[in-house]
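Inside the fold
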Amino acid sequence: FSIEDWKPIATLSGHEHHANTVDWSPDGSQLVSCAHDRTLRIWDLASKECLRVIEAHEDDIDAAMISPDGQWIASAGHDKELRIWDLKSGSKFCGLGGHSDEIEWVSWSPDGAKLATTSIDAKVRIYDFASQTLERTLPGCNRSVSLVRLQTRRIRDGRDANRIAIVQADRSLSLVDENFRPVERVEEIHEQAVKGAEWSPDGEQLLTASLDGSVSLWECQPRVSHKQHFSFPSGAYSASWSPDGRYFSVGLEDGSVSIVESESGRVVQRFGDHTDPVYRVAWSPSGRWIASGSRDCRVILRSPERDEMRELGGHSDLLFSVSWSRDGALLASTSRDRTTRLWDEEGNCLGVLTGHELSIWDAAISAGADKIATCSFDTTIRVYALPGGELLQCLRGHTRQVSSVDWLSETRLISGSRDGTCRIWDLQAETSTTLSPHQLFLEDESALGAPGRSATGRGL
C-alpha cells in the first residue's frame, strides 16, 4: 500500500498457505515473507517479482526478520529451530536450537549482534550471532489454554457431578467444578508442552500426554495425585482410553500409535500407519476402532482386536483432531484445510462442514449427536446442526486462536483459547462468560500448590 493515499500498489502471490510475517530490507528494496507452507520468499519491490523461494523449515514458519545490515534472514517456527539465511544467495548459514515448543517470534538487536526468540514454552532465549551460541534464557509466562475436557461422574447420592480439566501452555493442570469454582491446580505436570488430556471412563483418573515423550496417569479422587509415568521413544501428542479403561492408545511424534495396558504400562500393540506425527487419537465407544489423525493429512481407523485398517481420504492438509460421538455412530475430523469431515463407523464420508477462515483445531459432538461445535485459528466457534450441517451459530469473543471446545450440556459450551481464557457459552441466551484459570486460582489461595505437587481447594 502507498502510505500517501493507502491505495494498493501490488499483490504478491505465491505462498501455498497463509503468510504469517513480512519484513523490509533496510534499504526498502526487498521484502521477506514466511508462511505455513514452510517457505521463505524474497520479493523485489521494483519488479513486484519473487526473487527466491527458500525451503526453510520442516514445519510451519511463524516469523522471519531481516538483519539491520541487510545481509541475513532469521526464521523460526513450529520445528523449534532458529535458522539464519544469507539474503543474497538464500543459503543456510546456521541453525540454533534450544526451545522445547514452537517459536512464535524472532527479533534482531539494533546492532545485529544479538537475536531474541519467544516460544510457546514460555521462554525468551538470547543468542550471540557472532559465536552462534545461546547466551541466556529468560523465564517468561504463557497462560494460553491448550485443552478443556469435561468429565461427568456419578457420586454417592446418585447425582451426576461435572468437573472440567483445563491444561495451559505453562504446563499446569487446573480442575474446576460444575459451577467453575476452583478445586485443585497442579503446576509443571510435564517437563515439556502438554498436548493431550483425557478422563478415564469412570471419571476417576486423567491421562496427560507431553512432547517430553511421556504420558502421566493422575488419580483425581479426592485429590489430584500422580499415579504412574509412561515413557515413549518420541513426543506424545494425544492419549485416549479404551471404553473399559483397561488400555489407552497414544499418538506419537514418530508417526506411530501405541496401545498400553494401563495397570502394568506394558505396550501390547504398536501401529506404524502414519508417516508424520499423530496429533490426535480417539478410541471409539464400541471399542471397535482407534481413529488417528496425522500431519500426513490422513485419518486412519485401526482395529485393536483384529488385523483391519481403513484409510479415510479427503483432507488436503494436516489433521488437528478426531473425535467420536457418544454412541460411536459419528466421527469428526478437523484440519488445516479449514474443513470438518463427518464419517460413519465404517469410514464413509457423510458430509463436509465449511465456513472457518483458518485452520480448525478441535471439534466436539453434542451428547444427543444433533449438533457439532468446531473451533478455529480464526478466533471463532461455529455450531452446526446434525446430520444436515446447517450453521446454527457463530460465536465470537476470544481474541486469539481457539484451541479446544467441549459441551457442558445440550445448550452450553466451554472453550479454551490462546488468549489465556476459557469462555462458557449459553447458546439459548446467546451470551458468554469469561473465565481466567490463572486468576481464578490466585483468588482462591487454598487451591494453589507448589510446582509438581497437587493442592486441595474446595472439593466437590
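Let me begin by describing the structure that accompanies this report. Source: prediction; values computed, not measured. Counting starts from 1 at the beginning of each chain's written sequence and moves along it residue by residue. Confidence filtering applies because this is a predicted model: local features only for residues at pLDDT of at least 70, side-chain atom pairs given and counted only at 80 or more, and all residues used for totals across whole chains, interfaces and linings. Computation of side-chain values covers all heavy atoms of the structure but excludes hydrogens and water.

1. Some details on the environment of phenylalanine 271
Checked against the element boundaries, phenylalanine 271 lands in strand β24 (residues 267-271). For the pair formed by phenylalanine 271 and glycine 251, sequence separation is 20 residues and the distance between their alpha carbons is 9.9 Å. Residues contacting phenylalanine 271, with those up to four places away along its chain left out, are Gly255, Ser256, Val257, Ile259, Arg302, Ser303 and Pro304. Working definition: helices are DSSP H or I runs of at least four residues, strands are E runs of at least two. Numbering for both runs from the N terminus. Two residues qualify as a contact provided that any one of their heavy atoms is within 4.5 Å of a heavy atom in the partner residue.

2. Quick word on the environment of aspartate 44
Relative to the assigned elements, aspartate 44 resides in strand β3 (residues 39-44). Considering only alpha carbons, one finds aspartate 44 and leucine 12, 32 residues apart in sequence, at a separation of 9.9 Å. With residues near it in sequence (within four places) discarded, aspartate 44 still touches Ser29, Glu49 and Leu51. Polar side-chain contacts of aspartate 44 include one of 3.3 Å to the backbone nitrogen of alanine 46. A 3.5 Å cut-off defines polar contacts: any pair of N or O atoms within that distance qualifies, except that in protein one atom must be a possible hydrogen donor and the other a possible acceptor, and neighbouring residues in sequence count only when both atoms are side-chain atoms.

3. Some details on the sheet that holds strand β11 (residues 123-128)
An order of β9-β10-β11-β12 is seen for the 4 strands of this open sheet, with the pairing classed as antiparallel. In the strand order of this sheet, the two ends are held by β9 (103-108) and β12 (133-139), each with one partner. Along the sheet, successive strands turn relative to each other by an average axial angle of 20°, direction set aside. Here 6 bridges tie β11 to β12, and the two strands are oriented antiparallel to one another. Note on β12: the bridge partner recorded for aspartate 128 is threonine 133. A pair of strands is labelled paired if DSSP reports no fewer than 2 bridges between them. To get an axis, fit a line to the C-alpha atoms, keeping to the stretch in contact for a helix; angles then go from 0 to 180 degrees between the N-to-C directions.

4. Let's talk about the nonpolar core
To qualify as a nonpolar core, a set must consist of buried Ala, Val, Leu, Ile, Met, Phe, Trp, Tyr and Cys residues joined through side-chain atoms within 4.5 Å. Each residue gets one of three labels from its accessible area relative to the maximum for its type: buried under 20%, exposed over 50%, partly exposed in between, using a 1.4 Å probe on protein chains only. Ranked by size, the top nonpolar core spans 20 residues in total, and within it Ile381 and Leu413 carry the most contacts. Mapped onto this core, the elements with two or more residues apiece are β33 (360-365), β34 (371-376), β35 (381-385) and β37 (402-409). With 3 residues, the single largest contributor to this core is β37. Leaving out residues up to four positions away in the same chain, leucine 413 has contacts with Ala373, Ile381, Val383, Leu395, Val405, Asp406, Trp407, Leu408, Arg423, Ile424, Trp425 and Leu427.

5. Brief notes about the pairing of strand β38 (residues 412-417)
The side chains of a regular strand alternate, residue by residue, between the two faces of the sheet. Among the 6 residues that make up β38, 5 are buried, leaving the element largely enclosed by the rest of the structure. For β37 and β38, the ladder comprises 6 bridges, and the chain directions are antiparallel. Residue pairing for β38: tryptophan 407 is matched across the bridge by leucine 413. Taken together, β37 and the strand that follows it, β38, pair antiparallel across an intervening segment of 2 residues. Bridge analysis of β38 against strand β39 (residues 422-426) gives 5 bridges, and the strand direction is antiparallel. Residue arginine 412 lies in a different strand from β39, and its bridge partner there is aspartate 426.

6. Considering a nonpolar patch on the surface
Patch membership requires more than 30% relative accessible area and the absence of a salt bridge. Residues of like charge join within 9 Å; the nonpolar side chains Val, Leu, Ile, Met, Phe, Trp and Tyr join within 5 Å. For every accessible area listed, the method is Shrake-Rupley and the probe measures 1.4 Å; residues are considered covered only by the protein chains on display. For salt bridges, the criterion is a side-chain nitrogen of Lys or Arg within 4 Å of an Asp or Glu carboxyl oxygen. Together, Phe1, Ile3 and Trp6 make up a nonpolar patch on the protein surface, roughly 460 Å² of accessible area in all. Judged by its relative accessible area of 65%, isoleucine 3 falls in the exposed class.

7. Quick notes on the side chain of serine 216
In this structure, serine 216 sits in strand β19 (residues 214-219). For serine 216, a relative accessible area of 1% corresponds to the buried category. In terms of polar contacts, serine 216 uses its side chain to reach the side chain of histidine 226, at 3.1 Å. With sequence-adjacent residues up to four places away left out, serine 216 is seen in contact with Ile189, His190, Leu206, Leu207, Thr208, His226, Gln228 and His229.

8. Some remarks on unusual backbone geometry
Excluding glycine, a negative phi dihedral is what most residues carry, and trans is how most peptide bonds are arranged. In this model, leucine 386 is joined to proline 387 through a cis peptide bond whose omega is 10°. Mapped onto the fold, proline 387 is located in the loop between β35 and β36 (391-395). At arginine 338, a position not held by glycine, the phi torsion is positive, near 75°. Counting through the fold element by element, arginine 338 comes out in the loop between β30 (330-335) and β31 (340-344).

9. Some remarks on the state of the cysteines
When the sulfur atoms of two cysteines come within 2.5 Å, that pair is taken as a disulfide. Enumeration over the complete set of coordinates arrives at 0 disulfides. In this model cysteine 94 remains outside any disulfide bridge; the closest cysteine sulfur is found in cysteine 34, 17 Å from its own. By relative accessible area, which is 8% here, cysteine 94 ends up buried.

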